[in-house]
Every structure is written in C-alpha cells, then in structure tokens.
Amino acid sequence: MSDIKALARERAFAVRKAAFAAGQGQAAEILADYLASQSGKVLSGYMPMRTEIDPLPAMAAHQGPVGVPVIVGKGMALRFREWSPGAKMIEGSFKALIPEEGAWLEPQVLIVPLLSFDARGYRLGYGGGFYDRTLEGLRAKGPVLAVGFAFAAQEVAEVPTEPTDQRLDAVVTETGVRPFA
C-alpha cells in the first residue's frame with residue numbers, strides 16, 4: 001500500500017502545483033461562508049505551505065477561537081496552538097509555521113489540508129498519519145467536523161485507503177462545497 005500511496009502522492013503534488021498556479025478564486029470566501037454556521041466553536045486551520053490552498057482569510061473571519069496544528073512527535077496526534085492574525089510565528093516541524101506562544105486548544109471543527117480527495121470523503125495526505133490519528137482521537141470524545149480544503153482539480157476517482165484512514169465530512173474548493181454522507 002505504501003508504494004501505491006507514494007505514486008498517488010507524486011501525481012497529486014503535480015496536479016496541485018498546476019491548480020495553485022491558476023489561483024484559488026473565491027475558495028477562501030466559500031470556506032468562510034461554510035464555516036459561518038460553526039460560530040463560537042474552536043476551529044483549527046493551518047498555515048499554508050508550498051502549493052497548499054490558503055485558508056487564512058477564512059480562519060481570520062471565524063467568530064471563535066482558532067488554532068493551528070503543532071506536530072509534537074512522530075506517530076503522535078497533533079496539538080493545536082491558538083492563532084490570530086498578526087501572531088508571532090516560528091518554524092516548527094516540517095518547516096510549518098506555528099505560533100510562538102498561545103493556549104492549547106481542542107478543535108471541534110478542522111480545516112484539513114490534503115493532496116487529493118475522492119467522492120467518498122477520503123483524503124490523501126503527506127503520509128505521516130497525523131490528521132488520521134488526531135481525528136480518531138477527537139471523534140472518540142464527541143462530534144467533530146472535518147472539512148478538507150483543496151482545489152477542485154485535486155479530486156481523484158479513488159484515494160487508496162487503509163483501515164486507519166479517517167473520512168472527511170466535506171471538502172470545500174473554489175467551485176463550492178462537497179458534503180459527504
């Protein structure tokens with residue numbers, strides 16, 4: 001399975017790079033509108049890297065606490081540090097920017113980055129399993145909304161999956177919202 005996923009990641013990076021070059025249109029506004037019903041809940045976003053679609057405007061518009069993921073160790077679930085526009089950021093694991101300081105939050109809503117997604121609600125990530133472990137742990141405690149954020153071009157016929165893979169509840173792209181049952 002790791003070879004299949006590695007090949008899928010290689011293709012997905014190339015597709016995302018081309019989509020990124022074309023621009024994300026109104027994707028962040030669509031995401032903010034979709035998340036408006038989650039006002040008051042703790043939201044986790046992410047700091048975009050390389051060719052990831054940019055959720056920062058939607059994160060800044062959220063009415064409630066916002067955190068970003070912090071990788072605390074290999075094989076571990078993510079933790080989330082409080083973020084706000086203008087927060088002092090430092091480089092964390094894998095060169096992802098994280099707030100230098102701030103409270104630890106437990107999100108009820110997560111904006112999830114990805115390489116590709118399918119119509120079943122599965123996503124292909126970078127291979128560390130961080131979001132799968134995190135979502136499994138959070139969902140064991142109660143309802144959590146996991147929203148993939150991607151370019152429409154990142155949709156594939158089928159993402160290769162394993163039993164540990166967690167489904168998304170929806171994906172938001174520059175063309176709209178795709179909820180999954």
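Notes on the structure in this doc start here. (Residues numbered from 1 in each chain as written. Predicted model: local features only at pLDDT ≥ 70, side-chain atom pairs only at ≥ 80, totals over all residues. Heavy atoms only, no water.)

**A closer look at unusual backbone geometry**
Short version of the rule: Going along the chain from the N terminus, every DSSP run of H or I of four or more residues is numbered as a helix, and every run of E of two or more is numbered as a strand.
Backbone geometry places Arg50, a non-glycine residue, at a positive phi of 50°. Along the chain, Arg50 turns up in the loop between strand S1 (43–44) and helix H3 (56–61).

**Digging into helix H1 (residues 2–22)**
Stated precisely, the cut-off is as follows: The span expected for a helix works out to 1.5 Å for each residue beyond the first. Contacts are assigned to residue pairs that have any heavy atoms within 4.5 Å of one another.
The end-to-end C-alpha distance of H1, which contains 21 residues, comes to 30 Å, matching closely the 30 Å that a straight helix rising 1.5 Å per residue would cover. Of the surrounding elements, those touching the buried residues of H1 are strand S8 (116–117) and strand S9 (123–124). Two residues or fewer past H1, Gly23 is found with a positive phi of approximately 95°.

**Some details on the pattern of salt bridges**
Between side chains of opposite charge, a pair can form as their charged atoms come close. Threshold: By convention in these notes, a salt bridge is any Lys or Arg side-chain nitrogen within 4 Å of a carboxyl oxygen on Asp or Glu. Buried residues are those whose accessible area, probed at 1.4 Å on protein chains only, stays under 20% of the maximum for their type, while exposed residues exceed 50% and partly exposed ones sit between those limits.
Summed over the entire model, instances satisfying the criterion amount to 7 salt bridges. Across the pair Lys5 and Glu162 runs a salt bridge whose closest N-O atoms are separated by 2.9 Å. Note that Lys5 is positioned in helix H1 and Glu162 in the loop between strand S10 (145–149) and strand S11 (170–173), a separation of 157 residues in sequence. Relative accessible area serves as the criterion here: at 7%, Lys5 is assigned to the buried category. In this structure Glu162 comes out as partly exposed when scored by relative accessible area, which is 36%. The partner of Lys88 in a salt bridge is Glu100, with the nearest N and O atoms 3.7 Å apart. A residue pair is termed long-range when its members are at least 10 positions apart, and Lys88 in the loop between strand S3 (79–82) and strand S4 (89–91) and Glu100 in the loop between strand S5 (97–99) and strand S6 (104–105) qualify at 12 residues. Connected through shared salt-bridge partners, Lys5, Glu162 and Asp165 make up one network.

**Re the pairing of S3**
What counts is decided by this rule: Strand pairing requires that DSSP identify at least two bridges connecting the strands.
Taken together, the 4 bridges between strand S2 (residues 66–70) and S3 define a ladder with antiparallel strand orientation. The partner of Pro69 across the bridge, within S3, is Phe80. Judged from the 2 bridges that link them, S3 and S6 form a sheet pairing that is antiparallel. Looking at S6, one finds that Phe80 is bridged to Leu105.

**Focus on the packing of aromatic side chains**
The condition is simple: Centres within 6.5 Å make a pair out of two Phe, Tyr or Trp rings, where for Trp the six-membered ring is used; the pair is then stacked when the planes are under 30 degrees apart, edge-to-face when over 60, and tilted otherwise.
Within this structure, the stated rule accounts for 1 aromatic pair. Measuring from centroid to centroid gives 5.9 Å for Phe13 and Tyr126, while their planes differ by 25°, and the two rings are stacked. Of the two residues, Phe13 sits in helix H1 while Tyr126 sits in the loop between S9 and helix H4 (130–141), which places them 113 residues apart along the sequence. For Phe13, a relative accessible area of 32% puts it in the partly exposed group. Residue Tyr126 is classed as partly exposed on the basis of its relative accessible area, which comes to 36%.

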